[in-house]
Amino acid sequence: MNARMTNPAMVLPDAMKGIQNIYKAMYQGGVPELTMELVHLRASQINGCSACVHSGVASAKKVGETDERLHQLAAWREAPFYTDEERAALALTEAATRLADRSGQAVPDEVWDEAASFFDEKQLAAIVLMVATTNFFNRINATIQEPAGTTWS
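A. Geometry of a nonpolar patch on the surface. On the surface, Met5, Val11 and Leu12 cluster together into a nonpolar patch covering about 270 Å² of accessible area. With respect to the helices and strands, methionine 5 occurs in the segment before α1 (8–11).

B. Broad picture of a negative patch on the surface. On the surface, Asp84, Glu85, Asp109, Glu110, Asp113 and Glu114 cluster together into a negatively charged patch. Elements with a contribution of two residues or more to the negative patch: α6 (84–97) and α7 (109–116). Along the chain, the position of glutamate 110 falls in helix α7. Here glutamate 110 falls in the exposed class, since its relative accessible area comes to 59%.

C. The environment of glycine 104, seen in detail. Secondary-structure assignment places glycine 104 in the loop between α6 and α7. Taking relative accessible area as the criterion, glycine 104 reaches 74% and is therefore assigned exposed. Along the chain, glycine 104 and asparagine 47 lie 57 residues apart, while their C-alpha atoms are 21 Å from each other.

D. A look at the packing of helix α3 (residues 33–47) against α6. Following both chains from N to C, one finds α3 and α6 inclined at 35°, their axes separated by 9 Å at the closest point. Two packed elements cross with a definite hand, and for α3 against α6 that hand is right-handed. Between α3 and α6, the contacting residues are Thr35, Leu38, Val39, Arg42, Ala43, Ile46 and Asn47 on the first element and Glu86, Ala89, Leu90, Thr93, Glu94 and Thr97 on the second. Residue classes in the contact of α3 with α6 are distributed as six nonpolar, four polar and three charged.

E. Geometry of helix α8 (residues 121–144). Between its first and last C-alpha, α8 extends 34 Å over 24 residues, near the 34 Å set by a 1.5 Å rise per residue. Among the residues trailing α8, glutamine 145 stands out with phi positive, at a value near 55°.

F. Seen up close, the nonpolar core. If you look at the biggest cluster of nonpolar residues, it comprises 26 residues, and the most contacted ones within it are Met36, Leu73 and Ile127. Those elements that provide at least two residues to this core are α3, α6, α7 and α8. If you tally residues by element for this core, the top one is α6, at six residues. With residues up to four places along the chain from it excluded, the contact list for isoleucine 127 reads Val31, Met36, Val39, Ala89, Leu92 and Phe119. Formed by nine residues, the second largest nonpolar core is a distinct cluster that contains Ala9, Met16, Cys49 and Ile140.

G. The arrangement of the pattern of salt bridges in detail. Within this structure, the stated rule accounts for eight salt bridges. Here glutamate 86 and arginine 69 are joined by a salt bridge, their closest N and O atoms 2.7 Å apart. Residue glutamate 86 is located in helix α6, and its partner arginine 69 is located in helix α5 (residues 67–72); the two are separated by 17 residues in the primary sequence. Assessed through its relative accessible area of 8%, glutamate 86 is described here as buried. The partner of arginine 77 in a salt bridge is glutamate 94, with the nearest N and O atoms 2.6 Å apart. With arginine 77 in the loop between α5 and α6 and glutamate 94 in helix α6, this pair connects stretches of sequence that are 17 residues apart.

Thresholds applied
Residues numbered from 1 in each chain as written. Predicted model: local features only at pLDDT ≥ 70, side-chain atom pairs only at ≥ 80, totals over all residues. Heavy atoms only, no water. Patch = residues over 30% accessible without salt bridge, like charges linked within 9 Å, V, L, I, M, F, W, Y side chains within 5 Å. Areas by Shrake-Rupley, 256 points an atom, 1.4 Å probe, with all protein chains shown as cover. Salt bridge = Lys/Arg side-chain N within 4 Å of Asp/Glu carboxyl O. Helix = DSSP H or I, 4+ residues; strand = E, 2+ residues; numbered from the N terminus. Lys, Arg positive; Asp, Glu negative; His and termini not counted. Charge placed at Lys NZ, Arg CZ, Asp CG, Glu CD. Buried < 20%, exposed > 50% of the residue type's maximum accessible area, 1.4 Å probe, protein only. Axes fitted to C-alpha atoms, helices over the stretch in contact; angles between N-to-C directions. Left-handed = near helix turned anticlockwise from the far one by under 90°. Contact = heavy atoms within 4.5 Å. Nonpolar A, V, L, I, M, F, W, Y, C, P; charged D, E, K, R; others polar. Expected span 1.5 Å × (residues − 1). Core = buried A, V, L, I, M, F, W, Y, C linked by side-chain atoms within 4.5 Å.

Have a look at this one:
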């Protein structure tokens, strides 16, 4: 399968510059890299973005994530392999990704408060930006039908 078009972030060069700056800032937020990769991968799973799931697994493995945890991520609530901090980040990821799935508060106070009990404001900012940026790319990739395994140069 071929994409409908070149990724818009590659078509408009200034877009990629901005995106790269967001990524740089996110990884300076003090959240463990494995947690950030889990956040990215879980949002991509929810959104059904095969390109981002594929790249997310590769990125997570590159920073030391295990196959056992990667295989269980979709069922993280039932799996014993995640820390309380990771669970809080994953719950925040799911709430912020599934905005249309609830009425009232999109991200319930209890989800936010649990995350805030483990992460300071700078770390929360990094997680929120990772969720938002992942959702941004998931939507681009779904729209243009970006296939898994695509590399951008």
